[in-house]
Amino acid sequence: MRLTAIEEGHLRNGMPGTIGIAAVFPGEPFDPARVRTRVQERWGAQERMSLVPVPPAGPAAVYGHRWSCARPFDPADHVAVTDQDVDSLFADGVARTLPAGRPPWKLLVTRHPTAAGEQAVVLLAHHALLDGRSLETLFRLLMDDAAPPRPPAPVEGTRQRPSVGLATVGRELRRIGVPGQPVPPSSGGGPGPSVAVVRIDPQVMRAARRQPAGGRGATLNELLLSTYAGALRACHGPLRSWPKGPTPLYATVPVDLRTRYDAQRLGNGVTALRVALPVDLDSPVARLRACQDQVAEFEHRCEAHRAILPALQGAARTVPWLAGVMARRLARPELTTSLCTAFKWRDNPSHLDGRPLARVVPLPQLSPPGTANLCLVHTADAYTLTVVSHLRTGDAELIGAAVVRELEAVAEGGAPAARRVEGLRMS
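Since this is a predicted model, take the numbers as computed values, not measurements. (Residues numbered from 1 in each chain as written. Predicted model: local features only at pLDDT ≥ 70, side-chain atom pairs only at ≥ 80, totals over all residues. Heavy atoms only, no water.)

Peer 1: Which residues make up the packing of aromatic side chains, and what values do they have?
Peer 2: Per the stated rule, a full pass over the model turns up three aromatic pairs. For the ring pair Trp-43 and Trp-105, a centre distance of 5.4 Å and an interplane angle of 75 degrees mean the geometry is edge-to-face. Taken together, the positions of Trp-43 in helix α2 (residues 32–43) and Trp-105 in strand β5 (residues 105–110) put the pair 62 residues apart, joining distant regions of the chain. Take Trp-43 and Trp-105: they sit in the same class, and that class is buried. Taken together, the ring pairs connect Trp-43, Phe-73 and Trp-105 into an aromatic cluster. Over the aromatic face of Tyr-250 sits the side chain of Arg-274, whose NZ or CZ is 4.2 Å from the ring centroid. Sitting above the plane of the Phe-30 ring, Arg-355 keeps its charged end 4.1 Å from the centroid. (Phe/Tyr/Trp six-rings, centres within 6.5 Å; stacked < 30°, edge-to-face > 60°. Helix = DSSP H or I, 4+ residues; strand = E, 2+ residues; numbered from the N terminus. Buried < 20%, exposed > 50% of the residue type's maximum accessible area, 1.4 Å probe, protein only. Lys NZ or Arg CZ within 6 Å of the ring centre and 35° of its normal.)

Peer 1: Give a detailed account of the environment of Phe-30, specifying residues and quantitative values.
Peer 2: Along the chain, Phe-30 falls in the loop between β1 (18–26) and α2. What makes Phe-30 buried here is its relative accessible area of 4%. Residues in contact with Phe-30, not counting those within four places in the same chain, are Phe-25, Val-35, Val-109, Gln-119, Val-121, Leu-352, Asp-353 and Arg-355. (Contact = heavy atoms within 4.5 Å.)

Peer 1: I'd love a proper account of the pairing of strand β8 (residues 250–256), names of residues and values included.
Peer 2: Burial runs high along β8: five of the seven residues are buried. Pairing of β8 with strand β9 (residues 270–276) involves seven bridges; the strand directions are antiparallel. Its bridge partner lying in β9, Asp-256 is registered against Val-270. With two bridges joining them, β8 and strand β10 (residues 338–345) adopt parallel strand pairing. By the bridge assignment for β10, Thr-252 is matched with Leu-339. (Pairing = 2+ DSSP bridges.)

Peer 1: Kindly report on the sheet that holds strand β13 (residues 359–363), identifying the contributing residues and their values.
Peer 2: Strand order in this open sheet of five strands is β4-β5-β6-β1-β13, and the pairing throughout is mixed. Where the open sheet ends on each side, the last strands, each with one partner, are β4 (79–82) and β13. When the angles between neighbouring strand axes are averaged without regard to direction, this sheet yields 20 degrees. Here β4 pairs with β5 via four bridges, running parallel. Within β5, the residue paired with Val-81 across the bridge is Val-109. Its contacts with the sheet put helix α4 (residues 132–142) on β1, β5 and β6 (118–126), and the angle it makes with β1 is roughly 30 degrees. (Axes fitted to C-alpha atoms, helices over the stretch in contact; angles between N-to-C directions.)

Peer 1: Can you tell me about the nonpolar core, naming the residues and giving the values?
Peer 2: Counting 52 residues, the largest nonpolar core has Leu-225, Tyr-228, Leu-277, Leu-374 and Leu-385 as its most contacted members. Residues in contact with Leu-225, not counting those within four places in the same chain, are Ala-251, Val-253, Val-275, Leu-277, Cys-291, Val-295 and Cys-340. Ile-21, Val-121, Leu-129 and Met-143 belong to the second largest nonpolar core, which has 36 residues in total. (Core = buried A, V, L, I, M, F, W, Y, C linked by side-chain atoms within 4.5 Å.)

Peer 1: Hey, could you go over the side chain of His-65 for me, with residue numbers and the actual values?
Peer 2: With respect to the secondary-structure elements, His-65 resides in the loop between β2 (51–54) and β3 (66–69). Using a relative accessible area of 14% as the deciding quantity, one classes His-65 as buried. Looking at His-65, its side chain comes within polar contact range of the side chain of Glu-8, at 2.7 Å. Discounting residues that sit within four places of it in the chain, His-65 has contacts with Arg-2, Leu-3, Glu-8, Leu-11, Arg-12, Val-54, Pro-55 and Pro-56. (Polar contact = N/O pair within 3.5 Å; in protein donor to acceptor, adjacent residues only side chain to side chain.)

Peer 1: Outline unusual backbone geometry, supporting the account with residue identities and numerical values.
Peer 2: Peptide bonds are, in most cases, trans, and in most cases residues other than glycine have a negative phi. For the bond running from Gln-211 to Pro-212, omega is -10 degrees, close enough to zero to count as cis. With respect to the element layout, Pro-212 can be found in the loop between α6 (202–209) and α7 (220–236). You will see that Asp-353, though not glycine, has its phi angle at about 55 degrees, which is positive. With respect to the secondary-structure elements, Asp-353 resides in the loop between β11 (351–352) and β12 (355–356). What makes Asp-353 partly exposed here is its relative accessible area of 30%. Non-glycine residue Ala-380 carries a positive phi angle of around 55 degrees.

Peer 1: Could you give an account of the confidence of the model for the chain, with specific residues and numbers?
Peer 2: Looking at the chain, pLDDT values average 88 and 93% of them are 70 or higher. Predicted confidence is poor over residues 415–427, with pLDDT under 50, and the contacts of this stretch with residues over four places away or in other chains come to 34 contacts. (pLDDT = per-residue confidence, 0-100.)

Peer 1: How would you summarise the pattern of salt bridges if you had to cite specific residues and measurements?
Peer 2: In a structure, side chains of opposite charge can pair up when their charged atoms sit close to one another. Counting across every chain of the model gives 22 salt bridges. Among the salt bridges present, the one from Arg-48 reaches Glu-7, with a minimum N-O distance of 2.6 Å. Of this pair, Arg-48 sits in the loop between α2 and β2 while Glu-7 is found in helix α1 (residues 5–12), placing the two residues 41 residues apart along the sequence. Arg-287 is the partner of Glu-406 in a salt bridge, and the nearest nitrogen-oxygen pair spans 2.8 Å. With a gap of 119 residues between them, Glu-406 in helix α11 (residues 395–411) and Arg-287 in helix α8 (residues 284–295) connect regions that are remote in the sequence. (Salt bridge = Lys/Arg side-chain N within 4 Å of Asp/Glu carboxyl O.)

Structure follows, in structure tokens:
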């Protein structure tokens, strides 16, 4: 079975491609045998979890990878116990390629509790096999009260796509290709990947989500984009002081193209929308309003992507080297500088083996030097931000701390945040 162009691109972009998600629970360590049994019951029938990428049979310019189905499904090959905590698992996993010759995923059960007495179950996978929404779907299937997957709806049940004008398509293609600038590194230390997991005060987040005053309130995506813009300004100053001057810094927001008819489909079903971050705006609330204006265009822009993607994917599958060229180009830091993802775990309460889910910790992928990727997840009353940077060692922690201070400024109604981050300036 041929890979799609998106899957082929994830294998050819020169990066490890590992993404992940951790579910954290109170109590004693989980029994690995019980976890394996649950994985067999819930994932064993999912063909996607048995797929192995097979290298091209000939020249890579002419031949693409293929999926081979490794059967029978054996959870013992994938579910393991670890002495590492979530932070160290993420730090090690994000920069490493998963073992070849087997389905590219693994599930790790922690043996030792966190400082808060929690246990974690961690899923790591190659992005060619699964996207972030797929990781979420798989974890939902593991929960005690999970509903069985719904079969795909018949074709006649799907909605009709609205027509998209050539002008709209042209504007979106220009947005995809216009170069921005990478994230400047801090002044100290050597270059390298770093990962930071930051827990956010739920009272601060609730207050921030009520902004702007008198408005409709802010979504998680809008807050993440605007506070990241403010964090970059606090660390590096306005764009005119950056290495490339006023050239914009673009964030890329993954948007799921699945519909309610195929919401549980595993694989890669997202597109990516670029937005220019309002780094030069002075006020945290002004930055939030600017991001809300851009996010309001997402639905219309997604229709352009639904019109564009079939042609691009068809061409890339016909000429496999094109998928590699496109993937490596889009992986450049001036084009895909920062992936910013936010979502809410909506099944509350969720339980695994009788234990309530306390929080979900995401792991964005590592991108080339000059980038930083962020993911924010809301679980019950817990908010967790993960930053994966490829700048100077430790820059992920600096970015995460600056984002939290920006959230506090937004929660307070827009008090300037620059005064709050002295000592965090990264250049």
